[in-house]
Amino acid sequence: MANGLCSDEAVQRFVVSGFVQLPPSTAVPPAAHAEIAAQIHRCGVQEAGGPEDARAGRRDPYGLRQLDGDAAGNNLLHAAPALRGPAFLESPHLVATLTRLLGPEYRLHPHCRGHLRKRGAKTSMWHVDAYKGLPWCSGRLHEPHWCMVMYYPQDTTPEMGPTQLLPGTQFYRGDSDRAHYSRGHIPSFGEQLAGWATCVHTVTGPAGTVVVMHYDLWHRALAAASDAPRLMLKFVAWRTTPPSGTGPPPPWPLADGGASEEEEARQAAAAAAEEEEEEKEEDREGLADEPLLAFLSGDDEQAAHGG
């Protein structure tokens, strides 16, 4: 286990699946997360309705008002200063994970955003976020140069409109599942999904749960059927120097955590059969030099000169 808190297996799972989900720190009381959520909620929500609101940037996509005040844009750390502490950004587990994925000199991007969902919110489209500060059509990166860090300051259940992830889709191309985003030269989301098996991961868990996600991983938010509000506070970390190597590459287990008993038995039988065939081939090569065997096999010339 490297860094003490981020294992080789966790890094391998990130490479395959595009995310790791971190449980809340046992050293942080639930009340700390509850206070962060309360400070964000005290910022209020935007009141949107008419054309003037739309022109002013106030909107209600997917049937839900957006957070207001410091929680509306890039000022989450002002709205809830405790986000800088061990409840989130200084959590040893999170720091160790970002250090292994992005390198010891990783930085936080100025962009951050609070996402609020409660009853009435509709399921959003599958999408990947644009790289903030770069052109919308900026190239995607298979290596994790950018990571999205999502913090959930309350218990999150399936009824609260949780985030859903599509593991492995950081290797897709495109921006969303809407046809016009592909611009005619990128395979549609449906075509890519049909050709690349994956299984949806729904992010639920206790208050303080954190997800570190490859920035190009496809994701969405589900419809909410609960009156309890669900916050997700999104931050962005990026690499400034590559992570340092720690020696030879570790063993690479299967992405599901290891082969099943049936698969292990099949692999063992195949290996035994291959070894037996190699031994037989060595025996045949040795017997090929015997004159009598050459004679019996019809190789008269070898029999004449070898006996």
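Residues numbered from 1 in each chain as written. Predicted model: local features only at pLDDT ≥ 70, side-chain atom pairs only at ≥ 80, totals over all residues. Heavy atoms only, no water.

Draft legend 1. Representation of the packing of aromatic side chains. On inspection of all chains with the given rule, the structure shows three aromatic pairs. Members of the aromatic cluster, joined through ring pairs, are F88, Y151 and F235. (Phe/Tyr/Trp six-rings, centres within 6.5 Å; stacked < 30°, edge-to-face > 60°.)

Draft legend 2. Spotlight on the sheet that holds strand β5 (residues 201-202). The strand order across the open sheet formed by three strands is β5-β4-β7, and the pairing between neighbours is antiparallel. Looking at the sheet topology across the chains shown, the edges are occupied by β5 and β7 (219-221). In this sheet, β7 lies alongside strand β4 (residues 163-165) in antiparallel orientation, the contact comprising three bridges. Bridging from a neighbouring strand, T163 pairs with A221 of β7. (Pairing = 2+ DSSP bridges. Helix = DSSP H or I, 4+ residues; strand = E, 2+ residues; numbered from the N terminus.)

Draft legend 3. Spotlight on the nonpolar core. Membership of the largest hydrophobic core comes to 36 residues, with the highest contact counts inside it found for I40, L83, F88, V212 and F235. Considering every element that reaches this core, the biggest residue donor is helix α5 (residues 92-102), with five residues. Excluding anything up to four places from it in sequence, L83 contacts I36, L76, L77, F88, L89, Y151, L233 and F235. (Core = buried A, V, L, I, M, F, W, Y, C linked by side-chain atoms within 4.5 Å. Buried < 20%, exposed > 50% of the residue type's maximum accessible area, 1.4 Å probe, protein only. Contact = heavy atoms within 4.5 Å.)

Draft legend 4. Summary view of the environment of L89. Residue placement: L89 occurs in the loop between α4 (76-79) and α5. Residue classification places L89 among the buried positions, given a relative accessible area of 14%. Separated by 146 residues in the primary sequence, L89 and F235 have C-alpha atoms spaced 9.5 Å apart.

Draft legend 5. Spotlight on helix α2 (residues 30-41). Here α2 is twelve residues long and its end C-alpha atoms lie 17 Å apart, about the 16 Å a rise of 1.5 Å per residue gives. Taken residue by residue, α2 has H33, I36, A37, Q39 and I40 as its buried positions. Projected onto a plane normal to the axis of α2, the buried residues spread over an arc of 160 degrees and lie on a single side. Along α2, the residues that are exposed and aim more than 90 degrees away from the buried face are P30 and A31. (Expected span 1.5 Å × (residues − 1). Arc of directions from axis to C-beta.)

Draft legend 6. The sheet that holds strand β2 (residues 107-117), seen in detail. The five strands lie next to each other as β1-β6-β3-β8-β2, forming an open sheet whose pairing is antiparallel. The open sheet has two edge strands, β1 (19-22) and β2, and neither has a second partner. On average, each strand axis in the sheet is inclined to that of its neighbour by 20 degrees, with strand direction left out of account. Pairing geometry for β2 and strand β8 (residues 230-238), over eight bridges, is antiparallel. Pairing of L116 across the sheet is with L231, part of β8. In this fold helix α1 (residues 8-17) packs onto β1, β3 (146-152) and β6 (209-214), with an angle of close to 130 degrees to the strand it touches most, β1. (Axes fitted to C-alpha atoms, helices over the stretch in contact; angles between N-to-C directions.)

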